Amino acid sequence: MIRFNVSPAQRFVLFICATALCFIIGSVIVGIVLYGGMSPARMRIATVLQDLVMFILPALVTAMIITRRPATFLSIDRKPDVASVVLVIAALVASVPAMNVVISWNENLTLPESMSGLESWMRSSEQSAGDMVKALISGTSVGSLVLAILIMGILAGFSEELFFRGTFQRLLITTPFNAHVAIWITAVVFSAIHMQFFGFVPRLLLGAFFGYLAWWSGSVWIAVIAHIVNNTCAAVSMWISARGGVDFNEIGVSSSSFDREAVILSIIVTSFLIRIIYKRSRLLGYRNDVRKEKPF
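Conventions adopted
Residues numbered from 1 in each chain as written. Predicted model: local features only at pLDDT ≥ 70, side-chain atom pairs only at ≥ 80, totals over all residues. Heavy atoms only, no water. Helix = DSSP H or I, 4+ residues; strand = E, 2+ residues; numbered from the N terminus. Rg over C-alpha atoms; globule rule 2.2 N^0.38 Å. Buried < 20%, exposed > 50% of the residue type's maximum accessible area, 1.4 Å probe, protein only. Contact = heavy atoms within 4.5 Å. Areas by Shrake-Rupley, 256 points an atom, 1.4 Å probe, with all protein chains shown as cover. Expected span 1.5 Å × (residues − 1). 1 Å grid on protein atoms, 1.4 Å probe; cavity = no way out; pocket = protein on both sides within 12 Å on 5 of 7 lines; lining within 4 Å. Points joined across faces, edges and corners; volume = space filled by probe spheres on them. pLDDT = per-residue confidence, 0-100. Core = buried A, V, L, I, M, F, W, Y, C linked by side-chain atoms within 4.5 Å. Patch = residues over 30% accessible without salt bridge, like charges linked within 9 Å, V, L, I, M, F, W, Y side chains within 5 Å. Salt bridge = Lys/Arg side-chain N within 4 Å of Asp/Glu carboxyl O. Phe/Tyr/Trp six-rings, centres within 6.5 Å; stacked < 30°, edge-to-face > 60°. Axes fitted to C-alpha atoms, helices over the stretch in contact; angles between N-to-C directions. Parallel < 35°, antiparallel > 145°, perpendicular 65-115°, else oblique. Left-handed = near helix turned anticlockwise from the far one by under 90°.

## Quick look at the overall build of the protein chain
Moving on, step 1. For the protein chain, the helix and strand inventory stands at eleven helices and zero strands.
Moving on, step 2. Secondary structure of the protein chain in N-to-C order comes out as α-α-α-α-α-α-α-α-α-α-α.
Moving on, step 3. Here the C-alpha radius of gyration of the protein chain, 20 Å, is about what a compact globule of 296 residues would show, namely 19 Å.
Moving on, step 4. In terms of principal-axis extent, the alpha carbons of the protein chain reach across some 55 × 50 × 45 Å.
Moving on, step 5. By the burial criterion, 45% of the 296 residues in the protein chain qualify as buried.
Moving on, step 6. Considering only contacts within the protein chain whose residues lie at least 6 apart along the sequence, 77% involve residues at least 24 apart.
Moving on, step 7. Summing over all exposed atoms, the protein chain offers an accessible surface of approximately 14,800 Å²; the carbon and sulfur share of this is 70%.

## A short note on helix α1 (residues 8-33)
Moving on, step 1. Taking 1.5 Å per residue as the helical rise, α1 with its 26 residues ought to reach 38 Å, and the 37 Å between its terminal C-alpha atoms agrees with that figure.
Moving on, step 2. As for α1, its buried residues are in contact with α2 (40-66) and α7 (142-173).

## Examining unusual backbone geometry
Moving on, step 1. Even without being glycine, S75 reaches a positive phi, approximately 65°.
Moving on, step 2. Among the structural elements, S75 can be located in the loop between α3 (70-73) and α4 (82-94).

## As for the layout of surface pockets
Moving on, step 1. The calculated volume of the second largest pocket comes to roughly 430 Å³.
Moving on, step 2. The wall of the second largest pocket is formed by 18 residues, among which M99, L205, F209, T270 and I274 lie closest to the centre.
Moving on, step 3. Elements with a minimum of two residues in the lining of the second largest pocket: α4, α5 (96-107), α9 (200-217) and α11 (257-283).

## Quick look at the confidence of the model for the protein chain
Moving on, step 1. Residues with a pLDDT of 70 or more make up 92% of the protein chain, whose mean pLDDT is 87.
Moving on, step 2. Across residues 288-292 the pLDDT falls below 50, and counting only partners more than four positions away or on other chains, this stretch makes ten contacts in the model.

## Focus on the nonpolar core
Moving on, step 1. Ranked by internal contacts, the top residues of the largest apolar core, which has 44 residues, are F73, V88, L92, F209, L213, W215 and I277.
Moving on, step 2. Contributing elements (two or more residues each) for this core: α2, α4, α7, α8 (179-192), α9, α10 (220-242) and α11.
Moving on, step 3. Not counting chain neighbours up to four residues away, the residues in contact with I277 comprise L87, V88, A91, L213 and W216.
Moving on, step 4. L34, A135, L136 and M152 belong to the second largest nonpolar core, which has eleven residues in total.

## Re a nonpolar patch on the surface
Moving on, step 1. Taken together, the side chains of V142, V146, L147, L150 and I154 define a hydrophobic patch exposed on the protein surface, amounting to about 410 Å² of accessible area.
Moving on, step 2. Structurally, V146 can be placed in helix α7.

## Notes on the packing of aromatic side chains
Moving on, step 1. Per the counting criterion, the structure on display carries 14 aromatic pairs.
Moving on, step 2. Plain terms: the ring middles of F55 and F164 are 6.1 Å apart, the flat faces sit at 45° to each other, and that makes the pair tilted. Highlighted residues: F55 in helix α2 and F164 in helix α7, separated in sequence by 109 residues.
Moving on, step 3. What makes F55 buried here is its relative accessible area of 7%.
Moving on, step 4. Judged by relative accessible area, F164 falls into the buried class, the value being 0%.
Moving on, step 5. The interplanar angle of 40° and the centroid separation of 5.4 Å between the aromatic rings of Y212 and W216 together place this pair among those described as tilted. Taken as a pair, Y212 and W216 lie in helix α9 at a separation of four residues, close to a single helical turn.

## A short note on the pattern of salt bridges
Moving on, step 1. Summed over all chains, the structure comprises three salt bridges.
Moving on, step 2. Note that R123 is salt-bridged to E119, the shortest N-O span being 3.6 Å. Taken together, the residues R123 and E119, both in helix α6 (residues 116-136) and four residues apart, mark about one turn of the helix.
Moving on, step 3. Judged by its relative accessible area of 32%, R123 falls in the partly exposed class.
Moving on, step 4. E161 serves as the salt-bridge partner of R165, at 2.7 Å between the closest nitrogen and oxygen. Taken together, the positions of R165 and E161, both in helix α7 and four residues apart, correspond to about one turn of that helix.
Moving on, step 5. A relative accessible area of 2% means that R165 is categorised as buried.

## Comments concerning the packing of α7 against α9
Moving on, step 1. Packing of α7 against α9 leaves a shortest axis separation of 11 Å and a crossing angle of 65°. The angle between α7 and α9 places the two elements in the roughly perpendicular class. As for how α7 packs across α9, the hand of that crossing is right-handed. Between α7 and α9, the residues in contact are E161, R165, Q169 and I173 and G207, F210, G211, A214 and W215, respectively.

So this is what it looks like as structure tokens:
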């Protein structure tokens, strides 16, 4: 049971202030690091500092101020069981063909002619974000892959989940907010903050998936693991593609009968696995009950 030190409104104000301050400080630090040019090494350093200052720090500061049990609030005091982790990884792998279709559809969306200026700006932001990701995975050596996994996979997965599912979503869920509404609001913010508008929908779906995992299990760690696995798979796929290997992002996107069947099977298997994950969480009694959490 969580006993908060302040009211729900005060909790949100503290979180917003901590986040704003850390984003300002982080932006200054990143600007200093990148002042000499956007080389791969500088991009990696800037990304690490950004995750530490902009995501991890405000989450920890907020949790330590609003309650005497910050670990419980952040949902980092409960470890997920191995079977649930395996099921989550299997669901992510199974979802690849279906997600590739969503990604392809979102990438090819176009706005009305009257909004061509907005679309140009969105495409430009998308290109800049893509260039930053490519800079982080720059190179085809094993060392480049290891760095990409450490930064894009492990650090990004942990920092973003601690901030979004461990803090922001928890702030919403521990108020009269409906849990489903809280999860989808968090997912929208999570996707929007990446500034990749033509990848908004797939990232929204992933964010919602991570949110439900954290809510069902009562542990942010299972969402962290899922996020790390997703980002690591993306980094490995880009690395393999850069070396002239198979591009896993193409699976399911063609109009061939094989890809159509792969997508249908992907939807069925992923839905089945998510259902099992949900039932297992309920069976083990992991799902958080908001009514057991004292407001303050």
